[in-house]
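If you want the building blocks of each chain, they are given just below.
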Amino acid sequence: MKLDKAKKRIAKQISKGFAGYPHLSLAYFGTTAERATEVVVKFVLAEGAAAQEQSFVSTEDVREDKTIQSVLVKIIERANANTVTEVAGTGIIAR
C-alpha cells in the first residue's frame, strides 16, 4: 500500500471520533518532536478491559515508513476497531 493512501485511511478513521469499543489508539515517540522513531498501538476491547500494547520501532520517522503505516491500517481493519484515536504530537523519550 502506498504511504499516502495508508496515512489517509488512518486519518479517516481518526476523524470519525469516539464510536464505542473496540478502541485503538496510536501514540508516537521519538528523541525529538520532529522525528518519531516509535509508534505504540493500544487496543481496548471493551470498557474497563485491560489494554493490549504493541510497538513498532524504526531508525527513520515511523510516520513516513510505508511498511509501518500499512501495518497500522491492517491492525485497524483486523481489530474491527469502532474508534481510532491518535495522541497529538510526539512524546519525547530520552535515550
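Further up the page is the structure itself.
In this text the structure is predicted, and so the values were computed from the model without any measurement. (Residues numbered from 1 in each chain as written. Predicted model: local features only at pLDDT ≥ 70, side-chain atom pairs only at ≥ 80, totals over all residues. Heavy atoms only, no water.)

Asks: What's the story with helix 2 (residues 66–79) in this structure? I'm lost.
Replies: Between its terminal C-alpha atoms helix 2 stretches 20 Å, which fits the 20 Å expected from 14 residues at 1.5 Å a residue. Those residues of helix 2 that fall on the buried side of the exposure criterion are Ile68, Gln69, Ser70, Leu72, Val73, Ile76 and Ala79. Taken together, the buried residues of helix 2 touch helix 1 (3–15), strand 1 (23–30), strand 2 (38–44), strand 3 (52–57) and strand 4 (83–92). A side-chain oxygen of the first residue of helix 2 lies 3.0 Å from the backbone nitrogen of threonine 67; this N-cap is aspartate 65. One or two residues past the end of helix 2 sits asparagine 80, with phi positive at roughly 55°. (Helix = DSSP H or I, 4+ residues; strand = E, 2+ residues; numbered from the N terminus. Expected span 1.5 Å × (residues − 1). Buried < 20%, exposed > 50% of the residue type's maximum accessible area, 1.4 Å probe, protein only. Contact = heavy atoms within 4.5 Å. Polar contact = N/O pair within 3.5 Å; in protein donor to acceptor, adjacent residues only side chain to side chain.)

Asks: Even after reading the chapter, I still don't get the sheet that holds strand 3, so can you show me in this structure?
Replies: Pairing between the strands of a sheet is mediated by backbone hydrogen bonds and can be parallel or antiparallel. Ordered by their spatial adjacency, four strands build an open sheet running 3-2-1-4, and the pairing between neighbours is mixed. A single partner strand is all that each edge strand has here, and the edge strands are strand 3 and strand 4. Here the strands of the sheet are splayed against their neighbours by 15° on average, with no regard to which way each runs. Where strand 1 lies against strand 2, seven bridges are found, and the strand directions are antiparallel. Residue alanine 27 lies in a different strand from strand 2, and its bridge partner there is valine 40. Each of strand 1, strand 2, strand 3 and strand 4 is contacted by helix 2, which is oriented at about 160° to strand 1, the strand it contacts most. (Pairing = 2+ DSSP bridges. Axes fitted to C-alpha atoms, helices over the stretch in contact; angles between N-to-C directions.)

Asks: In this structure, what is going on with unusual backbone geometry? I would like to understand it.
Replies: With glycine set apart, most residues show a phi of negative sign, and most peptide bonds adopt trans. The linkage connecting tyrosine 21 with the following residue, proline 22, adopts the cis geometry, with an omega of 0°. Residue asparagine 80 is not a glycine yet carries a positive backbone phi of 55°. If you trace the backbone, asparagine 80 turns up in the loop between helix 2 and strand 4. The class for asparagine 80 is exposed, based on a relative accessible area of 56%.

These figures come from the coordinates and say nothing about function on their own.
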